[in-house]
Amino acid sequence: MTTTDIADLMDYVEVLERFDPVLGLEVHVELHTNTKMFCGCPTTFGAEPNTQVCPTCLGLPGSLPVVNGKGVESAIRIGLALNCEIARWCRFARKNYFYPDQPKNFQTSQYDEPIAFNGHLDVVLEDGAVFRVEIERAHMEEDTGKSLHVGGATGRIHGADYSLLDYNRAGVPLIEIVTKPITGTGARAPEIAKAYVGALRDLLRALDVSDVRMDQGSLRCDANVSLMPKGASVFGTRTETKNVNSLRSVERAVSYEMRRHAAILVDGGEIVQETRHFDESTGATSAGRRKETAEDYRYFPEPDLVPVAPSTEWVEQLRTTLPELPWERRKRVQAEWNLSDLELRDLVSAGALDLIVSTVDAGAESDAARSWWVSYLAQQANSRGVELDALPITPAQVAKVIALVADGTLTNKLARQVVDGVLAGEGEPEEVVAARGLKVVSDDSALLAAVDEALAAQPDVAEKIRSGKVQAAGAVVGAVMKATKGQADAKRVRELVLERCK
Ligand SMILES: [Zn+2]
């Protein structure tokens with residue numbers, strides 16, 4: 001049996017009554033360096049297959065690799081941001097295995113000498129609790145090529161008629177970040193796994209070392225899960241669900257594996273140490289290959305590359321280049337904007353915080369910036385079914401709209417129309433204002449004409465205002481606003497109406 005039917009899973013609550021989960025998360029991040037890790041080939045995503053290759057990344061005899069300095073620099077910055085120690089001296093190693101997408105028959109990686117080790121990442125959960133995930137290591141390696149299996153129903157090699165290979169990705173710099181075993185999570189294991197990968201993604205984005213696009217594979221997570229009987233201290237056999245490609249899927253895959261393991265264990269069965277695939281559509285995992293051990297790879301130091309020995313000066317200089325990290329930014333913003341824990345959490349979970357900070361950085365006042373992103377723009381994202389940061393409007397454009405409201409060029413209502421225009425691809429805010437003719441009408445003569453017209457159309461109302469019932473002016477103001485398509489300043493219109501009826 002290769003797949004466990006969903007009906008065979010143990011109820012999640014029961015899993016936690018009987019077992020403690022242990023997680024191990026391995027995240028691969030593709031660096032967005034201009035060139036590959038050991039040759040000068042470009043790394044552009046989506047290029048024609050096999051157009052970004054050379055003798056080195058194809059592993060042709062006689063070719064020699066050279067380390068990408070920018071790749072090492074990124075690895076050290078990631079290590080520092082994860083509170084790791086940085087190796088004074090380390091080497092690359094050959095991880096030997098045959099696979100068609102690996103033309104050299106070995107992957108250049110690091111084995112017992114990673115560039116960064118012994119760190120931690122504090123992960124903030126949805127209720128504000130902080131969970132510390134210990135980092136075992138972050139090491140440098142190269143990506144493999146891509147196989148495309150054609151003809152099968154599943155897109156996997158089984159049942160395919162033939163396979164195509166694209167080596168453009170072979171040799172693209174990767175950093176693999178490996179946690180120590182994560183224990184003590186209890187029922188929150190799936191949530192913690194998701195939050196960890198999310199926090200890592202935010203961190204890598206702040207460091208500007210990768211595109212961190214899970215959907216494009218530039219950030220990939222392998223989730224190791226095992227169970228041990230409640231109170232035990234010896235870990236159970238683990239399975240490794242490979243290449244989970246969204247945060248939500250990380251959470252689902254962990255939960256699924258916990259429930260599957262528990263059902264097998266209480267039935268007296270044994271967990272097979274293997275890799276597994278996660279199916280987005282069913283939420284289930286299925287068996288992949290039996291897991292190799294380190295001995296199977298016959299690691300040995302790479303003889304064609306010199307060791308990497310970053311000087312203390314260089315490491316300390318790189319430390320000064322670390323940006324404001326996501327959690328530091330949150331603390332600062334919370335203090336500056338005077339937010340409660342709950343308000344801060346809502347902004348973070350809505351994906352609005354960084355957008356608001358960028359809008360403020362672009363010159364907007366923080367209350368206005370917050371208001372736009374959490375109300376009108378959140379509604380727009382919601383109705384389009386996309387994340388807030390996927391809306392086709394930049395923080396700088398939102399800041400511009402806010403400035404146009406502040407200087408009286410736009411009312412809030414007009415400003416929403418300008419934002420609609422930007423979202424519709426009509427250009428910059430000023431261009432939308434000009435093209436749609438959305439400026440506030442502040443010219444009194446134009447307004448007076450509209451006021452006179454409205455008073456003439458409602459003579460009884462005009463009479464009431466003249467006899468002192470100023471509250472009746474509302475109807476006339478409303479008519480003028482309608483006639484000017486909302487482009488008048490309502491306060492000024494009211495003043496003009498009262499003036500006219502003196
Ligand atoms: Zn190359």
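Definitions and cut-offs
- Residues numbered from 1 in each chain as written.
- Predicted model: local features only at pLDDT ≥ 70, side-chain atom pairs only at ≥ 80, totals over all residues.
- Heavy atoms only, no water.
- Helix = DSSP H or I, 4+ residues; strand = E, 2+ residues; numbered from the N terminus.
- Buried < 20%, exposed > 50% of the residue type's maximum accessible area, 1.4 Å probe, protein only.
- UniProt positions renumbered as here; feature names shortened; annotations may be inferred.
- Pairing = 2+ DSSP bridges.
- Phe/Tyr/Trp six-rings, centres within 6.5 Å; stacked < 30°, edge-to-face > 60°.
- Lys NZ or Arg CZ within 6 Å of the ring centre and 35° of its normal.

Engineer: Would you take a moment to explain the environment of A457 for this structure?
Structural biologist: Within the secondary structure, A457 sits in helix α13 (residues 444–457). With a relative accessible area of 61%, A457 lands in the exposed category. When the C-alpha positions of A457 and A47 are compared, they lie 66 Å apart, and in sequence the two are 410 residues distant.

Engineer: Is there a simple way to think about the UniProt feature "domain: Asn/Gln amidotransferase" (unreviewed entry) in the protein chain in this case?
Structural biologist: UniProt annotation of "domain: Asn/Gln amidotransferase" (unreviewed entry) refers to residues 354–501 when read in the numbering used here. Its end C-alpha atoms 51 Å apart, residues 354–501 is made of 70% helix and 0% strand.

Engineer: Would you mind showing me how to read the sheet that holds strand β14 (residues 300–301) here?
Structural biologist: Think of a sheet as strands paired side by side through backbone hydrogen bonds, with each pair either parallel or antiparallel. Within the open sheet, the three strands sit side by side as β4-β3-β14. Their pairing is antiparallel. Each edge of the sheet is formed by a strand with only one pairing partner; in this case those strands are β4 (106–109) and β14.

Engineer: I tried to follow the packing of aromatic side chains on my own but got confused; where do I start?
Structural biologist: In this description, a pair of aromatic rings is defined by centroid distance and the angle of the planes. In total, this model carries five aromatic pairs according to the counting rule given. An angle of 85° between the planes, with centres 5.2 Å apart, marks the rings of F38 and F92 as edge-to-face. Of the two residues, F38 sits in the loop between β1 (19–30) and α2 (69–81) while F92 sits in the loop between β2 (85–86) and β3 (93–96), which places them 54 residues apart along the sequence. For the pair F38 and F92, a shared accessibility class is recorded, and that class is buried. Feature note: the residues Y97, Y111, Y297 and Y299 constitute an aromatic cluster, connected by ring pairs. One residue, R94, lies across the ring of F106, its end atom 4.0 Å from the ring centre. Here K95 stacks its cationic end above the ring of Y297, 4.5 Å away from the centre of that ring.

Engineer: Would you take a moment to explain the sheet that holds strand β10 (residues 219–229) for this structure?
Structural biologist: With mixed pairing, nine strands are arranged side by side in an open sheet as β2-β5-β6-β9-β1-β10-β11-β12-β13. Both outer strands of the open sheet, β2 and β13 (285–290), are each paired with one neighbouring strand and no more. Pairing of β1 with strand β9 (residues 173–179), which is carried by five bridges, proceeds in the antiparallel orientation. By the bridge assignment for β9, V27 is matched with I177.

Engineer: Before we go on, may I ask you to explain the pairing of β9 in this structure?
Structural biologist: Every other side chain in a regular strand lies on the same face of the sheet, so the side chains alternate between the two faces. Counting buried positions over the seven residues of β9 gives seven, a clear majority of the element. Burial along β9 is two-sided: P173, I175, I177 and T179 facing one way and L174, E176 and V178 facing the other are all buried. The pairing of strand β6 (residues 130–142) with β9 spans seven bridges and is antiparallel. Opposite E141, over in β9, you have L174 as the bridge partner.

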